Amino acid sequence: MNIFVCVKQVPDTETKITPTADGSFIETNSIKWIMNPYDEFAVEQALLVKASNPAANVTVVRVGSVKDTEALRTAMAMGADDAILVEAQDNLDSYSIAKALKGAIEKSGKKPDMILTGKQAIDDDALQVPQVLAQMLDLPSVSVIVGFELSGSTVKVKREIEGGALEVYAVNTPCLLAANKGLNTPRYASLPGIMKAKKKPLAQYSLSDVGVTDADRRVKYSGFRLPPEKPAGKKFDATDAAKQKEVVAQVVGLLRTEAKVI
Amino acid sequence: MEFGLTQEQIEIKELALKFSRNEIIPVAAQFDEEGKFPKDIFKKAWELGLINTCIPAEYGGAGFSALDSVIISEALSYGCMGFNTSFMANDLALLPIVLGGNDEQKKKFLTPFTTEFRVASFCLTEPGNGSDAAGIKTSVKDGGDHWIINGEKMWITNAGYADLFVVYATLDPALKHKGICALVVDGKTEGIVLGKKEDKMGHRSSDTRGVRFNNVKVPKENMLGNPGDGWSIAMNTLDHSRPLVASSALGGAQRAMDLSIQYSKERIQFGVPLAKHQAIQFMIAEMGMKIEASRLLIHKAAWLCDQGIRNTEIASYAKAFASDSCMQITTDAVQIYGGYGYSKEYPVEKLMRDAKLIQIYEGTSQIQRLVMARELLK
Ligand SMILES: Cc1cc2nc3c(=O)[nH]c(=O)nc-3n(C[C@H](O)[C@H](O)[C@H](O)COP(=O)(O)OP(=O)(O)OC[C@H]3O[C@@H](n4cnc5c(N)ncnc54)[C@H](O)[C@@H]3O)c2cc1C
Ligand SMILES: Cc1cc2nc3c(=O)[nH]c(=O)nc-3n(C[C@H](O)[C@H](O)[C@H](O)COP(=O)(O)OP(=O)(O)OC[C@H]3O[C@@H](n4cnc5c(N)ncnc54)[C@H](O)[C@@H]3O)c2cc1C
């Protein structure tokens, strides 16, 4: 059984973000990278499947720059068997990334029985790669899954919908499933795991190796900017009972004209 | 000359820090308040390979260097100095076996710590002698096919949970350090009587007790080295453990600085964040300087261990400097937090209480200076 897990490397939520001078992306030199948190659930699910199917092989795939391979190393230290890195700039669009992932999976020579991903990446929040990839590979896919039960070649998945209700799907493998928080509790990479990960195979492809060209690029970024600083809050003094009516009117007015929330 | 960590050391540090952030920091204040021993978290850290870092690979350990160990210890202590005292006490007790035991003893006593979660205690201090450790009164007598230990130990970390004790005892107090022996004692041996858990200022989650040994029989083969080798084993242990204890102070100091930086950017006084006031800036600058210097001393002391070069003097520099710095830094962190720093609602008062102990155990800051002077003037 071949399981592929697509992982993205994203800036640590505590990292200070600075846009590049030309606005095409953010400065990546000083960034601390982590594995996209939703992808951790995907890796954990793959490892849980492997635990009950010892013959299963878990391959982690990432498209991105080679400078730091934190996400792939973490996944292998957690227990994934091998990794593929498709070398690319970190600001590719969703379509190119999906196409590169498809190319990498095909180039690996292993026929996927299951592809797991996170439901979204916390950097650009595009929520596209899982669906685009499933479409390209012509696989059934379910996203935002919070429950997973494999029996034979059918996976029963639960997916969260508006209002907290759950939908239940029975999906035949091969399929693509995108994980949400709550699916499981990702394990830590153990110290022996970190030591072992160094010896695990990491294949490296270029974008052209996996059939992606400049023409595949549908979106180009040009205007990365920091959000405007939040202005200081306003205080209203309503301790004087005689003036309360006036203050309330003032607050309501500002909520309408300035904050535009009512 | 190489100052950077290896890729593997960076990953080990990240893992230990992640463990601190997720598992220790959220609960440390509560364990401190209740004086509760964090057994489950201790066990979880052991499962990840973060505990007993001194056990060599040939006896089932991960085969960490002394430098790796201080990196792990700093990161765990960043979560809680008190938790790290419990964790570190295992290494303190196992190091004499690593350094002074024969192959048979290492297999017998170290390997079980790699296959199941076990707790160990190091018993040197007695009610009547702390700094003057060679003045041991606990006696060891030859009982024919076994040794017999009698006496009282004080301030023993992990005692209430110990599966194994390493006990220092004397053949005859008149022999001074030449009479001291180091023995490995199974925690379940008859005659071991635990005192009540001490109610402490800090490190309140760690389990500290007096331990009485009443005619405790120990197999002959449990003595480390020869009769009388105990003192040199203890001193050798301290050369290895002092960088580790120093790194515990360093982790606490780093936490205090990180919190101070964060708070000083948020709190507004006189219309600007505290961080804009030069008096605050200078305190933070001082913290950074002391932390960096502590880390360099600690890494050098550990590196010397790994090179097999005697590090007594540098290990004492590291231990005294890092623990004195930690005391100053955590005190200043409370100062920067102002009135809020004095409240248990905020994390810095605990750091200040925890810092104090590190200037006391494993050789007080005064004793470290005695060691330094002895080395410098000899
Ligand atoms: C919470 C806690 C946990 C501990 N855990 C352990 C453990 O697991 N195992 C263990 O064996 N021990 C342990 N200890 C004991 C610890 O190592 C001793 O407390 C320490 O060595 C100091 O000894 P003392 O308390 O007897 O102080 P004393 O030796 O009485 O010292 C009192 C003061 O006098 C100073 N002083 C003493 N002699 C001199 C001198 N010659 N010149 C200048 N100043 C001097 C000291 O620096 C100190 O300031 C622990 C202690 C505590 C508080
Ligand atoms: C236990 C306790 C009892 C108290 N009892 C009373 C009471 O009975 N009545 C009462 O009115 N108050 C009381 N206080 C409040 C106390 O007076 C204040 O905590 C104190 O004035 C400091 O103010 P702060 O806590 O807001 O700290 P902050 O003003 O926020 O100061 C934080 C830090 O910044 C430093 N700082 C601030 N401004 C500057 C500057 N311009 N330049 C350089 N450094 C600066 C401070 O020195 C401090 O180190 C009490 C406080 C405590 C903790």
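Conventions we followed
- Residues numbered from 1 in each chain as written.
- Chains lettered and ligands numbered in written order.
- Predicted model: local features only at pLDDT ≥ 70, side-chain atom pairs only at ≥ 80, totals over all residues.
- Heavy atoms only, no water.
- Near = heavy atom within 4 Å.
- Polar contact = N/O pair within 3.5 Å; in protein donor to acceptor, adjacent residues only side chain to side chain.
- Areas by Shrake-Rupley, 256 points an atom, 1.4 Å probe, with all protein chains shown as cover.
- Helix = DSSP H or I, 4+ residues; strand = E, 2+ residues; numbered from the N terminus.
- Nonpolar A, V, L, I, M, F, W, Y, C, P; charged D, E, K, R; others polar.
- Domains from an automatic or database assignment.
- Contact = heavy atoms within 4.5 Å.
- Buried area = accessible area lost by both parts, 1.4 Å probe.
- Salt bridge = Lys/Arg side-chain N within 4 Å of Asp/Glu carboxyl O.
- Core = buried A, V, L, I, M, F, W, Y, C linked by side-chain atoms within 4.5 Å.
- Buried < 20%, exposed > 50% of the residue type's maximum accessible area, 1.4 Å probe, protein only.
- Pairing = 2+ DSSP bridges.
- Axes fitted to C-alpha atoms, helices over the stretch in contact; angles between N-to-C directions.
- Parallel < 35°, antiparallel > 145°, perpendicular 65-115°, else oblique.
- Left-handed = near helix turned anticlockwise from the far one by under 90°.

1. As for the site of ligand 1
Residue and element names in this part refer to chain B.
Now for step 1: Neighbouring ligand 1 are 19 residues; Thr125, Ser131, Trp155, Thr364 and Gln366 lie closest to it.
Now for step 2: Within the backbone of Gly130, a nitrogen or oxygen atom sits 3.5 Å from an oxygen atom of ligand 1.
Now for step 3: Separating an oxygen atom of ligand 1 from a side-chain N or O atom of Gln366 is a distance of 2.7 Å.
Now for step 4: Across the complex, the protein chains shield 65% of the 980 Å² of accessible surface that ligand 1 would expose by itself.
Now for step 5: Mapped by element, the contributors of at least two residues to the shell around ligand 1 are β1 (120–123), β3 (146–157) and α10 (365–377).
Now for step 6: A per-class count over the shell around ligand 1 returns 10 nonpolar, seven polar and two charged.
Now for step 7: Counting residues domain by domain, the shell around ligand 1 receives three or more from each of domain 2 (120–228) and domain 3 (231–377).

2. Thoughts on the site of ligand 2
Residues and elements named next belong to chain B.
Now for step 1: In the vicinity of ligand 2, the contacting residues are Arg267, Gln269, Phe270, Leu274, His277, Ala279, Ile280, Gln335, Ile336, Gly338 and Gly339.
Now for step 2: Between Arg267 and ligand 2, the recorded distance is 2.6 Å, taken from a side-chain N or O atom to an oxygen atom.
Now for step 3: Gly339 places a polar main-chain atom, nitrogen or oxygen, 2.6 Å from an oxygen atom of ligand 2.
Now for step 4: Contact with the protein chains covers 43% of the free accessible surface of ligand 2, which is 970 Å².
Now for step 5: Looking at the shell around ligand 2, the elements that each hand over two or more residues are α7 (278–307) and α8 (312–337).
Now for step 6: Taken together, the residues of the shell around ligand 2 break down into five nonpolar, five polar and one charged.

3. Focus: the domain arrangement of chain A
Now for step 1: As far as domains go, chain A holds domain 1 (2–216) and domain 2 (232–262).
Now for step 2: For domain 1 of chain A versus domain 2 of chain A, the distance between C-alpha centres works out to 48 Å.

4. Some words on the interface of chain B and chain A
Now for step 1: On the side of chain A, 11 residues touch chain B, which itself brings 17 residues to the contact.
Now for step 2: Across the chain B to chain A interface the summed buried area is about 1,300 Å²; carbon plus sulfur atoms make up 61%.
Now for step 3: Taken together, the links from chain B to chain A amount to four salt bridges.
Now for step 4: One salt bridge in this structure joins Glu14 of chain B and Lys32 of chain A, with 3.2 Å as the shortest N-O distance.
Now for step 5: Between the two partners, chain B and chain A, sit six residue pairs in polar contact (both at pLDDT 80 or more).
Now for step 6: Broken down by element, the side of chain B that touches chain A gets its largest block of residues, 10 residues, from helix α1 (residues 7–34) of chain B.
Now for step 7: By residue class, the composition of the side of chain B that touches chain A is eight nonpolar, three polar and six charged.

5. Regarding the nonpolar core
Now for step 1: In this structure, Val5 and Val60 of chain A together with Leu50 of chain B are the most contacted members of the largest nonpolar core, which totals 67 residues.
Now for step 2: Here the element with the most residues in this core is α1 of chain B; it accounts for eight residues.
Now for step 3: Beyond its immediate stretch of four places on either side in the chain, Val60 of chain A contacts Val5, Val7, Val43, Leu72, Ala75, Met76, Ala80, Asp82, Ala83 and Ile84 of chain A.
Now for step 4: Among the nonpolar cores identified, the runner-up in size contains 43 residues, and Ile291, Leu304, Met327 and Leu351 of chain B belong to it.

6. Some points on unusual backbone geometry
The phi torsion of most residues other than glycine is negative, and most of the peptide bonds are trans.
Now for step 1: The omega torsion of the bond from Thr173 of chain A to Pro174 of chain A falls at -5°, within 30 degrees of zero and hence cis.
Now for step 2: Mapped onto the fold, Pro174 of chain A is located in the loop between β9 (166–172) and β10 (175–179).
Now for step 3: The phi angle at Asn158 of chain B is positive, at roughly 75°, despite the residue not being glycine.
Now for step 4: Take Asn158 of chain B: it is sitting in the loop between β3 and β4 (164–170).
Now for step 5: Exposure remark for Asn158 of chain B: the relative accessible area of 0% places this residue in the buried category.

7. A few points about the sheet that holds strand β11 (residues 202–206) of chain A
Residue and element names in this part refer to chain A.
Now for step 1: Taken in spatial order, the nine strands of this open sheet run β9-β8-β7-β10-β6-β1-β4-β5-β11, and their pairing is mixed. Whereas interior strands pair on both sides, the edge strands pair on one side only; in this sheet they are β9 and β11. Across the sheet, the axes of successive neighbouring strands diverge by a mean angle of 30°, strand direction being ignored.
Now for step 2: Most of the contacts of helix α1 (residues 37–52) go to strand β6 (residues 114–118), to which it runs at about 150°, and overall it touches β1 (2–6), β4 (57–64), β6, β7 (141–151) and β10.

8. Some words on the side chain of Asn36 of chain A
All names here are of chain A.
Now for step 1: Relative to the elements of secondary structure, Asn36 occurs in the loop between β3 (33–35) and α1.
Now for step 2: The exposure class assigned to Asn36 is buried, which follows from its relative accessible area of 1%.
Now for step 3: Excluding anything up to four places from it in sequence, Asn36 contacts Lys8, Val10, Gln120, Ala121 and Ile122.

9. Details of the packing of helix α6 (residues 230–266) of chain B against α7 of chain B
All names here are of chain B.
Now for step 1: Packing of α6 against α7 leaves a shortest axis separation of 9 Å and a crossing angle of 155°. With respect to α7, the axis of α6 lies roughly antiparallel. Along this stretch, α6 crosses α7, giving a crossing that reads as left-handed. Mapping the contact onto sequence places Asp239, His240, Pro243, Ala246, Ser247, Leu250, Ala253, Gln254, Met257, Ser260, Ile261 and Ser264 in α6 and Ile280, Ile284, Met287, Gly288, Ile291, Ser294, Arg295, Ile298, Ala301, Ala302 and Cys305 in α7.

10. Considering the environment of Gly23 of chain A
All names here are of chain A.
Now for step 1: Mapped onto the fold, Gly23 is located in the loop between β2 (9–11) and β3.
Now for step 2: Assessed through its relative accessible area of 6%, Gly23 is described here as buried.
Now for step 3: Once residues within four sequence positions are removed from consideration, Gly23 is found in contact with Tyr221, Ser222, Gly223 and Phe224.

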